[in-house]
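Take a look at the letters that make up each chain.
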Amino acid sequence: MELRQVRYFAVVAEELHFGRAAERLYVGQPTVSQQIRRLERELGLELFDRTTRTVSLTRAGQELLPHARALLNAERVLVEATAGVRAQRDATLRVGTSTGLGPRLQELLAGLAERAPGLLVELAGLPLATRLRQVRDGELDAAFVRGSHAVPGLELLPLWEEELVAALPVRHPLAAAAEVALADLARLPLRIAAREENPPLVDAVTAACRAAGFEPVPGPPFTNDQDTLAAIAAGRHTWTVYYAAQVGIQPAPYVAFRPFTAPAPTVATCLAVRPGPPSRTLIALLDACRGLGAP
């Protein structure tokens with residue numbers, strides 16, 4: 001049984017005329033007759049008494065008509081609910097976030113609210129691989145990523161270059177200066193994540209150190225903000241790097257964050273999206289990102 005057949009049955013029951021029912025349904029009269037016959041065969045019941053001049057409901061047709069109308073009403077409710085869910089989905093922007101966005105994220109959300117009032121934004125702080133997979137699968141509309149390496153099945157839209165700053169113990173002599181030259185850190189162990197965990201950051205720092213004339217001395221790995229900064233503050237002298245935008249919201253009273261002397265190492269920030277024309281909400285997000293300007 002098809003909903004189309006049920007709909008034809010209900011309209012014919014209201015009109016008691018196959019011709020007028022066909023006009024209401026925008027189909028030919030033979031189609032209506034054929035589908036009603038098919039429905040009767042499937043049900044094993046005669047729904048209409050037909051003569052050359054009149055059409056009337058049989059007793060079975062009278063008993064089944066309320067159920068048919070209930071079924072069609074349920075279909076209408078489902079269609080309306082689906083439209084509501086689709087409208088809500090289209091008014092929601094799902095974005096994967098990256099560590100170190102700092103105040104940029106608040107500025108971005110404020111700019112997005114101006115450009116698209118009423119747009120609901122859902123943020124998802126996820127590992128890089130999960131972020132990219134969810135964008136590819138349509139679970140996220142976009143995701144911030146560090147670096148500009150090619151990602152199969154996705155486009156990376158460049159947004160800005162994020163400067164890195166040095167994090168040093170406040171008691172280290174270099175912390176007294178307003179800026180730190182990378183070459184002065186040549187003998188100080190570097191705390192940084194393994195390359196497989198954060199290739200763009202590790203590559204940017206390694207390349208900057210080599211340009212300054214040295215290979216970084218490996219220190220204990222960067223684990224998390226709390227433990228790594230505590231170790232830098234209290235342990236033997238080591239250093240690490242942070243995104244400049246993150247520094248303002250990173251509590252670390254015994255750690256000094258110092259910009260590097262030019263040229264400072266930078267890491268590109270991009271927006272990963274699926275290929276194809278962007279949606280209206282994605283366009284608003286891109287406009288808000290570009291409205292942030294330089295750091």
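## Digging into the overall build of the protein
Move 1: A tally of helices and strands in the protein yields 10 helices and 9 strands.
Move 2: Radius of gyration (C-alpha) of the protein: 33 Å, far over the 19 Å computed for a compact globule of 295 residues.
Move 3: Taken along the three principal axes of its C-alpha coordinates, the protein extends 105 × 35 × 30 Å.
Move 4: Every one of the 295 residues in the protein was classed for burial, and the buried ones make up 43%.
Move 5: Contacts in the protein between residues at least 24 apart in sequence constitute 72% of all its contacts with a sequence separation of at least 6.
Move 6: Mean positive and mean negative side-chain charge positions of the protein (31 and 31 charges, respectively) differ by 3 Å.

## Let's talk about helix 8 (residues 225-234)
Move 1: All of the buried residues along helix 8 are Thr228, Leu229, Ile232 and Ala233. All buried residues of helix 8 fall inside an arc of 135° around its axis, so they share one side. Exposed and facing more than 90 degrees away from the buried side of helix 8 are Gln226 and Ala234.
Move 2: Next to the buried residues of helix 8 lie strand 6 (155-169), strand 7 (240-243) and strand 8 (255-259).

## Observations concerning the side chain of Thr238
Move 1: Counting through the fold element by element, Thr238 comes out in the loop between helix 8 and strand 7.
Move 2: Of the residues examined, Thr238 reaches a relative accessible area of 1% and is grouped as buried.
Move 3: Of the polar contacts made by the side chain of Thr238, one reaches the side chain of Arg191; its length is 2.9 Å.
Move 4: For Thr238, the residues in contact, after removing those within four places along its chain, are Ala167, Leu168, Pro169, Leu188, Pro189, Arg191 and Ile232.

## Comments concerning the pattern of salt bridges
Move 1: Following the criterion strictly, the structure yields 17 salt bridges and no others.
Move 2: The shortest N-O distance in the salt bridge between Asp141 and Arg94 comes to 3.3 Å. Of this pair, Asp141 sits in the loop between helix 6 (128-137) and strand 5 (142-146) while Arg94 is found in strand 3 (residues 92-97), placing the two residues 47 residues apart along the sequence. Here the two residues Asp141 and Arg94 agree in accessibility, since each one is buried.
Move 3: Residue Asp203 is joined to Arg195 by a salt bridge in which the shortest nitrogen-to-oxygen separation is 2.8 Å.

## Comments concerning the state of the cysteines
Each disulfide consists of a covalent bond between the sulfur atoms of two cysteine residues.
Move 1: Applying the stated criterion across every chain, the model contains 0 disulfides.
Move 2: This cysteine, Cys270, is not joined by any disulfide, and Cys289 carries the nearest cysteine sulfur, 11 Å off.
Move 3: Overall, the relative accessible area of 2% leaves Cys270 in the buried class.

## Quick notes on the pairing of strand 3
Move 1: Burial analysis of strand 3 places 6 of its 6 residues in the buried class, the great majority of the element.
Move 2: A two-sided burial pattern is seen for strand 3, the buried positions comprising Thr92, Arg94 and Gly96 on one face and Leu93, Val95 and Thr97 on the other.
Move 3: Pairing between strand 3 and strand 4 (residues 120-125): 6 bridges, direction parallel. Paired with Arg94 across the two strands is Glu122, which belongs to strand 4.

## Digging into the packing of helix 1 (residues 3-15) against helix 3 (residues 29-43)
Move 1: Where helix 1 contacts helix 3, the axes come no closer than 9 Å and their chain directions differ by 110°. Relative to helix 3, the element helix 1 is oriented roughly perpendicular. Contacts between helix 1 and helix 3 involve Arg4, Gln5, Val6, Tyr8, Phe9 and Val12 on the former and, on the latter, Thr31, Val32, Gln35, Ile36, Arg38, Leu39 and Glu42.
Move 2: Its residues assigned to classes, the contact of helix 1 with helix 3 comprises 7 nonpolar, 3 polar and 3 charged.

Conventions we followed
- Residues numbered from 1 in each chain as written.
- Predicted model: local features only at pLDDT ≥ 70, side-chain atom pairs only at ≥ 80, totals over all residues.
- Heavy atoms only, no water.
- Helix = DSSP H or I, 4+ residues; strand = E, 2+ residues; numbered from the N terminus.
- Rg over C-alpha atoms; globule rule 2.2 N^0.38 Å.
- Buried < 20%, exposed > 50% of the residue type's maximum accessible area, 1.4 Å probe, protein only.
- Contact = heavy atoms within 4.5 Å.
- Lys, Arg positive; Asp, Glu negative; His and termini not counted.
- Charge placed at Lys NZ, Arg CZ, Asp CG, Glu CD.
- Arc of directions from axis to C-beta.
- Polar contact = N/O pair within 3.5 Å; in protein donor to acceptor, adjacent residues only side chain to side chain.
- Salt bridge = Lys/Arg side-chain N within 4 Å of Asp/Glu carboxyl O.
- Disulfide = S-S within 2.5 Å.
- Pairing = 2+ DSSP bridges.
- Axes fitted to C-alpha atoms, helices over the stretch in contact; angles between N-to-C directions.
- Parallel < 35°, antiparallel > 145°, perpendicular 65-115°, else oblique.
- Nonpolar A, V, L, I, M, F, W, Y, C, P; charged D, E, K, R; others polar.

In short, geometric facts, not functional conclusions.
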